[in-house]
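Architecture at a glance
Here is how the chains run, residue by residue.
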Amino acid sequence: MTPLPAAGSGATTARAEAAYLGLALGDALGATVEFMTPREIVHHFGVHREIVGGGWLKLRPGQVTDDTSMSLALGEAILANGGSVVPLACAEAFDAWMRRKPVDIGNTVRRNLVAFRQTGVPVAPSSDHDAGNGAAMRVLPVALATLGQSPAAVSAAVQAQAHVTHNNAVSDAVCQFLTLAVQDLLRGCSLAETLSHHLGSLLAVHPELSFRDRPRRENPSGWVVETLQAVLQGLDDGDGFEDCLVDVVNRGGDADTTGAIAGMLAGALHGPQAIPRRWLKALDPGVASQCREQARALLQMAAR
Ligand SMILES: [Mg+2]
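As annotated in an unreviewed UniProt entry, the protein is ADP-ribosyl-[dinitrogen reductase] hydrolase from Candidatus Accumulibacter proximus.

So, in structure tokens, the structure goes:
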């Protein structure tokens, strides 16, 4: 087995930037068709493959939603704490983000951030119902900040950020899987290697997350099980970065979040050369530079 590059290597940094840009691009692309069915998408767009804004949120072309803006808020909190994922700092960052009146916000996120305001406790109560994708959509800064750390340390950091709003076993399992998967891809593993490393243990505990033996997941809801199935089917079947994101968002449903998570994984897998230039040109320039800078800063902290 060839030795994998260290956290701060040029190849890993390039893939980390592509993962963060991929998250934002998938969010911006998918938001246009969020809550539409595949049939409605075909009726309006044929195949939806351009970053044009609009959608139910009436976005500007290239504008992103909570998936990207919560990730950036989380990353800032991690950087401000020297690379550590501190629950109180994460909760305060999310609370400050909510006060800025974001364009959209998930119900579970809102409810548990309002509870944090009242109690000061930065851990949501455990709930079987809070298996939405709101914690899974923002794992990337934790994956970058903990690259190269022990499995126990990665796992603790994953839960620390997730439990601020989503304290749920299925959400935890998906957050953990996505974090470890993106870390393997950043180190240069293939998709097959990455899935062989982490899928077996995930499905052993949560067989409902199986995706290969299931029909094409269309209209994925905000339930993290449907999110992961749509993302992994798109990644498994997709031929490159653009093809994967187009496949995933044209499934409709919670398309900004499936797009964001697929974009993160596909960016880490395929690297910056695979990102369409017309999409990068369309992305909000302030968001693009924040994604690039934060990816680099978090990796530098991980390498220390
Ligand atoms: Mg969103």
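And the narrative resumes.
Let's talk about the overall build of the protein
Within the protein, the secondary structure is distributed over 14 helices and 0 strands. For the protein, the N- to C-terminal ordering of α and β elements is α-α-α-α-α-α-α-α-α-α-α-α-α-α. The C-alpha atoms of the protein give 17 Å as radius of gyration, which agrees with the globular expectation for 304 residues (19 Å, within 12%). With the principal axes as the frame, the protein shows a C-alpha extent of 50 × 45 × 40 Å.

Quick notes on the coordination of the magnesium ion
Surrounding the magnesium ion are the protein donor atoms Thr65 (OG1), Asp66 (OD), Asp67 (OD) and Asp256 (OD), which sit 2.0 to 2.4 Å from the metal. Read in sequence order, the donor residues coordinating the magnesium ion give the pattern T-D-D-x188-D. For the pair formed by Thr65 and Asp67, the shared burial category is buried.

Examining the packing of helix H10 (residues 224–237) against helix H11 (residues 241–249)
It is at 8 Å that the axes of H10 and H11 come closest, and there the two elements cross at 145°. Seen from above, H10 lies across H11 with right-handed handedness. Each of Ala230, Val231, Gly234, Leu235 and Asp237 in H10 lies in contact with H11, whose residues at this interface are Cys244, Asp247 and Val248.

Describing the side chain of His166
Assignment of secondary structure puts His166 in the loop between helix H7 (151–162) and helix H8 (169–186). Here the side chain of His166 touches Thr165 through a polar contact of 2.8 Å, side chain to side chain. Other than its neighbours up to four places away in sequence, His166 contacts Thr108, Val109, Ala124, Asp130, Gly132, Gly134, Ala135, Ser171 and Asp172.

With respect to the nonpolar core
The biggest cluster of nonpolar side chains holds 93 residues, and the ones touching the most others in it are Leu144, Leu178, Met264 and Leu265. Those residues in contact with Leu178, other than ones at most four positions away along the chain, are Ala136, Val139, Leu228, Ile261, Met264 and Leu265.

What counts, and at which threshold
- Per chain, residues are indexed from 1 in the order of the written sequence.
- For a predicted model such as this one, the threshold for reporting local features is a pLDDT of at least 70, and the threshold for listing and counting side-chain atom pairs is 80 or more; totals across whole chains, interfaces and linings nevertheless cover every residue.
- For side-chain calculations, the full set of non-hydrogen atoms in the structure is used, while hydrogens and water are omitted.
- In DSSP terms, a helix is any run of H or I states spanning at least four residues, a strand is any run of E spanning at least two, and both are numbered starting from the N terminus.
- Throughout, the radius of gyration refers to the C-alpha atoms, and the reference size of a globule is 2.2 Å times the residue count to the power 0.38.
- Each metal's donors are the N, O and S atoms within 2.8 Å of it, or within 3.2 Å when it is Na, K or Ca, and because water is not part of the set, sites may look incomplete.
- Three labels apply to residues, based on accessible area from a 1.4 Å probe with only protein chains included: buried if under 20% of the type maximum, exposed if over 50%, partly exposed otherwise in between.
- Lines fitted to C-alpha atoms define the axes, with helix axes restricted to the stretch in contact, and inter-axis angles between N-to-C directions lie between 0 and 180 degrees.
- Here a crossing is taken to be left-handed if its near helix is turned anticlockwise relative to the far helix by less than a right angle, and right-handed if that turn runs clockwise.
- Any two residues whose heavy atoms approach within 4.5 Å at even a single point are treated as in contact.
- Nitrogen and oxygen atoms within 3.5 Å of one another constitute a polar contact, given that in protein one can donate a hydrogen and the other can accept it, and given that sequence-neighbouring residues count only through two side-chain atoms.
- We define a nonpolar core as any set of buried Ala, Val, Leu, Ile, Met, Phe, Trp, Tyr and Cys residues linked to one another through side-chain atoms lying within 4.5 Å.

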